[in-house]
2 protein chains.
Amino acid sequence: MVKPADRPSTPLGYALLGLVHRQPSSGYDLCRLFETTPMAHYSSSPGAIYPALRRLEKQELITGETEKADSLRPRRVYRSTSAGEAALREWASARVTRDEVVRDLDMLMLRFALMGALVDRAAARRFLEELAGELEDYLGELEGHLEKVAAAGDPHGRLALESGIEQHRVLARWARRALGELGEA
Amino acid sequence: MVKPADRPSTPLGYALLGLVHRQPSSGYDLCRLFETTPMAHYSSSPGAIYPALRRLEKQELITGETEKADSLRPRRVYRSTSAGEAALREWASARVTRDEVVRDLDMLMLRFALMGALVDRAAARRFLEELAGELEDYLGELEGHLEKVAAAGDPHGRLALESGIEQHRVLARWARRALGELGEA
DNA sequence: AAAAACATGTAAGCTGTTACATGATTGG
DNA sequence: CCAATCATGTAACAGCTTACATGTTTTT
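Residues numbered from 1 in each chain as written. Chains lettered and ligands numbered in written order. Predicted model: local features only at pLDDT ≥ 70, side-chain atom pairs only at ≥ 80, totals over all residues. Heavy atoms only, no water.

(A) Spatial organisation of the protein's contact with DNA strand D. The environment of DNA strand D is formed by 19 residues, the closest being A:Ser9, A:Thr10, B:Tyr28, B:Arg54 and B:Arg76. At 3.5 Å from a phosphate oxygen of DNA strand D is found a side-chain nitrogen or oxygen belonging to A:Ser45. Elements that contribute at least two residues to the surface near DNA strand D include exactly helix H3 (46-58) of chain A together with helix H2 (27-36), helix H3 (46-58) and strand S3 (75-80) of chain B. Here the surface near DNA strand D is built from residues that sort into five nonpolar, seven polar and seven charged. (Near = heavy atom within 4 Å. Polar contact = N/O pair within 3.5 Å; in protein donor to acceptor, adjacent residues only side chain to side chain. Helix = DSSP H or I, 4+ residues; strand = E, 2+ residues; numbered from the N terminus. Nonpolar A, V, L, I, M, F, W, Y, C, P; charged D, E, K, R; others polar.)

(B) How the structure looks around the packing of aromatic side chains. All names here are of chain A. All chains considered together, the criterion is met by six aromatic pairs over all chains. On the numbers, 6.1 Å between centres and 25° between planes, the contact of phenylalanine 112 with phenylalanine 127 is stacked. With phenylalanine 112 in helix H6 (residues 105-115) and phenylalanine 127 in helix H7 (residues 121-151), this pair connects stretches of sequence that are 15 residues apart. The same class applies to phenylalanine 112 as to phenylalanine 127, namely buried. When the ring of phenylalanine 112 is compared with that of tryptophan 174, the centres are 5.4 Å apart and the planes differ by 90°; the resulting orientation is edge-to-face. Pair noted here: phenylalanine 112 is in helix H6 and tryptophan 174 is in helix H8 (residues 155-183), with a separation of 62 residues, a long-range link. Accessibility assignment for this pair places phenylalanine 112 and tryptophan 174 in one class, buried. Following the ring pairs from residue to residue traces out a cluster consisting of Phe112, Phe127 and Trp174. (Phe/Tyr/Trp six-rings, centres within 6.5 Å; stacked < 30°, edge-to-face > 60°. Buried < 20%, exposed > 50% of the residue type's maximum accessible area, 1.4 Å probe, protein only.)

(C) Examining the environment of A:Leu128 more closely. Within the secondary structure, A:Leu128 is located in helix H7. Of the residues examined, A:Leu128 reaches a relative accessible area of 0% and is grouped as buried.

(D) Quick look at the packing of H6(A) against helix H8 (residues 155-183) of chain B. At a minimum axis distance of 7 Å, the contact between H6(A) and H8(B) shows a crossing angle of 155°. Our classification of the angle between H6(A) and H8(B) gives roughly antiparallel. Seen from above, H6(A) lies across H8(B) with left-handed handedness. For the pair H6(A) and H8(B), contact is made by A:Met109, A:Phe112, A:Ala113 and A:Met115 and by B:His156, B:Gly157, B:Leu159, B:Ala160 and B:Ser163, respectively. For the contact of H6(A) with H8(B), the class distribution of residues is six nonpolar, three polar and no charged. (Axes fitted to C-alpha atoms, helices over the stretch in contact; angles between N-to-C directions. Parallel < 35°, antiparallel > 145°, perpendicular 65-115°, else oblique. Left-handed = near helix turned anticlockwise from the far one by under 90°. Contact = heavy atoms within 4.5 Å.)

(E) Here's a closer look at the sheet that holds strand S2 (residues 62-67) of chain A. With respect to topology, three strands assemble into an open sheet ordered S1-S3-S2 (chain A), the strand pairing being antiparallel. Only two strands of the sheet have a single neighbouring strand rather than two, namely strand S1 (25-26) and S2 of chain A. (Pairing = 2+ DSSP bridges.)

(F) Seen up close, the interface of chain B and chain A. Contacts between the two partners involve 37 residues from chain B and, on the opposite side, 37 residues from chain A. Counting each side, the surface lost to burial between chain B and chain A is near 3,200 Å², with a carbon and sulfur contribution of 55%. The interface formed by chain B and chain A includes eight salt bridges. Among the secondary structure elements, those contributing two or more residues to the side of chain B that touches chain A are H2, helix H5 (98-103), helix H6 (105-115), helix H7 (121-151) and H8 of chain B. Among the elements that take part in the side of chain B that touches chain A, H8(B) stands out by supplying 17 residues, more than any other. Class assignment for the residues of the side of chain B that touches chain A results in 19 nonpolar, ten polar and eight charged. (Buried area = accessible area lost by both parts, 1.4 Å probe. Salt bridge = Lys/Arg side-chain N within 4 Å of Asp/Glu carboxyl O.)

(G) How the structure looks around the layout of surface pockets. When its volume is computed, the second largest pocket comes out at roughly 850 Å³. Around the second largest pocket, the lining is made up of 27 residues, and of these A:Arg103, A:Asp104, A:Asp106, B:Asp104 and B:Asp106 lie nearest the centre. Of all the secondary structure elements, the ones that give two or more residues to the lining of the second largest pocket are helix H1 (11-22) and H6 of chain A together with helix H1 (11-22) and H6 of chain B. If you tally residues by element for the lining of the second largest pocket, the top one is H6(B), at four residues. Along the lines of polarity and charge, the residues of the lining of the second largest pocket split into 15 nonpolar, six polar and six charged. (1 Å grid on protein atoms, 1.4 Å probe; cavity = no way out; pocket = protein on both sides within 12 Å on 5 of 7 lines; lining within 4 Å. Points joined across faces, edges and corners; volume = space filled by probe spheres on them.)

(H) Representation of unusual backbone geometry. A positive phi angle, close to 60°, is found at A:Glu60, a residue other than glycine. By secondary structure assignment, the location of A:Glu60 is in the loop between H3 and S2.

(I) Broad picture of the relation of the copies chain B and chain A. Once chain B has been moved 0.0 Å along the axis and rotated by 180°, it coincides with chain A to within an RMSD of 0.0 Å. The operation mapping one copy onto its partner corresponds to a two-fold rotation axis. By C-alpha distance to the rotation axis, the residue of chain B lying nearest is B:Gln167, at 3.1 Å. Mapped onto chain A, 100% of the interface residues of chain B are again interface residues, and the two copies thus contact each other with one and the same surface. (Least-squares fit on C-alpha atoms with pLDDT ≥ 70 in both.)

Okay, here's the thing in structure tokens:
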């Protein structure tokens, strides 16, 4: 007996699972979310979303219920299962790695955005602390590279790297500030 | 007679073509670049790089020359062809679209980093002006969303969106500053 | 009536990921 | 001589992109 994998197989899978967990949604709802909100940053299209939902359903991480089954235009609304919630919680609680900070900041932010409904404040704060730490650590490395690029006399390369450094610096500060906000309340 | 496509078919193709144009390199050189420099952000692996180089060569956008052909450990060094340079120049000169600003900022930055050796200062400044303009425009939209998210009482969503807004704001300022720097000199 | 939005999907083709395979050269 | 680094690749697999297909309901 072959068991289906117990967690989403792609970033899109986690995104959809997390969104559906926050609010039960149809494929079309999710398509619109990716079209009309800042989620658009996580570019996706119907051709990816509908198959991904099917996969999640087959893995029993979400369940779909057909509204107006009699109607000629049925609407299939998905919601997360307890297995889906478990997978999400594991995802949300995973440690922040250097590798993710370098190559996958976007996914880290999505994780933070969706973890509100999933983990307690302590876990969220741990996430932010790890994130800030890794960012600050990586900043040192980036500044080392900046010297080399600057010395090489490549204005575009230097400017591009400076932009990357600023981005990381701002994000680290944001994480510290968010940590403060989550501390109060 | 089937002509091969006259430009790279993927972002990785453009990245490799641009890097090779700046400095003739072997597959291994490029692998190391993606491993040990801030190019690591544009995550890639040998399994993608070597086939991509082959594709570019088949399209005659780059040519490979085998160093030490007699040796038992040959090293294949690629350099851009004139067709490759033309494709790069077209890429570098393309207008900045809203869609790229929303979904593909990373590629825009890579474009800027590599366009130094490809287009004149006027073209680079036009790029930065379009980028800054689109960013500032998009910022308005993001702030509209922020009100909604804040009103919805979702602290994580609000914080994540605030981080996105800061990122875009900082990038817009960077573009304006870079514009100034490229203006002098 | 026409257009736009609702709503779900399929198929071809290509690319990236991961893991593996192979062997040479250099530094300790 | 052993490990690390140099150097290039292949193969299986799964997923995404793009384009298409289909029909309904609501708005103008």
